[in-house]
Amino acid sequence: MTELIEDCAQIPFAITHPEHPLPVPRAAASWHVDDSCVRQVENLDMFV
């Protein structure tokens, strides 16, 4: 029971108090894989 109470205490305030809503999520930043990233993993299949 103690663990459950501790877990519930970690629930964000905005969820337990709907009159204070969570902020709107931001759009994710765009990203891409460049050649240097590909080179870092190109030989990993030999370890599988």
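Residues numbered from 1 in each chain as written. Predicted model: local features only at pLDDT ≥ 70, side-chain atom pairs only at ≥ 80, totals over all residues. Heavy atoms only, no water.

K.L.:
Give a detailed account of the overall build of the protein chain, specifying residues and quantitative values.
P.N.:
Helices and strands together make up the secondary structure of the protein chain, namely three helices and zero strands. Its helices and strands in sequence order give the protein chain the pattern α-α-α, from N to C terminus. Expressed along its principal axes, the backbone C-alpha trace of the protein chain runs to roughly 50 × 30 × 10 Å. Counting over 48 residues, the protein chain shows a buried share of 2%. Looking at the protein chain as shown, the accessible area adds up to about 5,100 Å², and 62% of this sits on carbon and sulfur atoms. (Helix = DSSP H or I, 4+ residues; strand = E, 2+ residues; numbered from the N terminus. Buried < 20%, exposed > 50% of the residue type's maximum accessible area, 1.4 Å probe, protein only. Areas by Shrake-Rupley, 256 points an atom, 1.4 Å probe, with all protein chains shown as cover.)

K.L.:
A description of a nonpolar patch on the surface should follow, citing residues and the corresponding values.
P.N.:
Taken together, Val41, Leu44, Met46 and Phe47 make up a surface patch of nonpolar side chains, about 470 Å² in accessible area. Within the secondary structure, valine 41 sits in helix α3 (residues 35-41). (Patch = residues over 30% accessible without salt bridge, like charges linked within 9 Å, V, L, I, M, F, W, Y side chains within 5 Å. Salt bridge = Lys/Arg side-chain N within 4 Å of Asp/Glu carboxyl O.)

K.L.:
Break down the environment of glutamate 6 for me, with residues and values.
P.N.:
Checked against the element boundaries, glutamate 6 lands in helix α1 (residues 2-9). The class for glutamate 6 is partly exposed, based on a relative accessible area of 46%. A sequence separation of 28 residues divides glutamate 6 from aspartate 34, and the C-alpha atoms of the two residues are 44 Å apart.

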